[in-house]
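Tertiary structure, described
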Amino acid sequence: MKLPVKRTDRDVYSWDPFDEIRRMQNYMEQMFRTFPALESRFGTGTFSPLTDVAEEDNKVIITTDLPGIEKENVELDLRDNVLVINAGKEKEEEAEKEGYLRKERAFMRYYREIPLPDGVTEEGATAQLKNGVLTVTLPKIKSVTGKRIQIE
């Protein structure tokens, strides 16, 4: 392609400026679907929190960020070697100034299913929520090694 590109009069007449606007609008809608946090400042939605899983010799440690969540609003379930973290936070804001009332409500929900390695048990498990960071420690049961049977 050689520069500069020459356009004929026919190209100028067929150009639709509204087509450019429609493409930009589609691009913005796609961006908001990709990043739900941008959709609304006080919107609702379910977020999948960032999680670290570390496996040590006799335990598995799961660390998850749950900013602004109180421990009373967190549910932990262990089902079929999957740790389910379910947490929620409700916020209501009201302001009254010189003849008008503003009331806004928001509900934020965190939900995450974390597959765990075999041999993890809930007996002796501990969980701690400190400064918005949830740390769950799950002990691993020792695997039973097979015994060799001698043939007589």
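Check the entry above for the structure.
Residues numbered from 1 in each chain as written. Predicted model: local features only at pLDDT ≥ 70, side-chain atom pairs only at ≥ 80, totals over all residues. Heavy atoms only, no water.

Some points on the overall build of the chain
Helix and strand content of the chain: two helices and eight strands. Ordered by position in the sequence, the α and β elements of the chain form the string α-α-β-β-β-β-β-β-β-β. When the 152 residues of the chain are sorted by exposure, 18% land in the buried category. A separation threshold of at least 6 residues defines the contact pool for the chain, and within that pool the share at least 24 residues apart is 53%. (Helix = DSSP H or I, 4+ residues; strand = E, 2+ residues; numbered from the N terminus. Buried < 20%, exposed > 50% of the residue type's maximum accessible area, 1.4 Å probe, protein only. Contact = heavy atoms within 4.5 Å.)

Remarks on the sheet that holds strand β3 (residues 59-65)
The sheet built from four strands is open, its strands ordered β2-β3-β8-β7 with antiparallel pairing. Each of the sheet's edge strands pairs with one partner strand only, and the pair in question is β2 (51-55) and β7 (126-130). The average undirected angle you get between the axes of adjacent strands in this sheet is 15°. In this sheet, strand β8 (residues 133-139) lies alongside β7 in antiparallel orientation, the contact comprising five bridges. Pairing of glutamine 128 across the sheet is with threonine 135, part of β8. (Pairing = 2+ DSSP bridges. Axes fitted to C-alpha atoms, helices over the stretch in contact; angles between N-to-C directions.)

Focus: the environment of phenylalanine 47
Of note, phenylalanine 47 is situated in strand β1 (residues 45-47). Put simply, phenylalanine 47 and tyrosine 111 are 64 residues apart on the chain and 6.3 Å apart in space, counted from C-alpha to C-alpha.

Quick word on the nonpolar core
Ranked by internal contacts, the top residues of the largest apolar core, which has 15 residues, are Ile62, Leu66, Leu83 and Leu116. Elements with a minimum of two residues in this core: β3, β5 (82-97), β6 (100-115) and β8. Not counting chain neighbours up to four residues away, the residues in contact with leucine 116 comprise Val60, Ile62, Leu78, Asn81, Leu83 and Leu138. (Core = buried A, V, L, I, M, F, W, Y, C linked by side-chain atoms within 4.5 Å.)

Remarks on the pattern of salt bridges
For the coordinates displayed, the defined rule picks out five salt bridges. Taking the shortest distance from any N to any O, the salt bridge between glutamate 56 and lysine 59 comes out at 3.9 Å. For lysine 59, a relative accessible area of 29% translates into the label partly exposed. It is possible to trace a salt-bridge network through shared partners that takes in Asp19, Glu20 and Arg23. (Salt bridge = Lys/Arg side-chain N within 4 Å of Asp/Glu carboxyl O.)

As for the side chain of threonine 64
Of note, threonine 64 is situated in strand β3. For threonine 64, a relative accessible area of 1% gives the class buried. In this structure, threonine 64 is in contact with Pro49, Leu50, Thr51, Ile85, Gly132, Val133 and Leu134, ignoring residues within four places of it in sequence.

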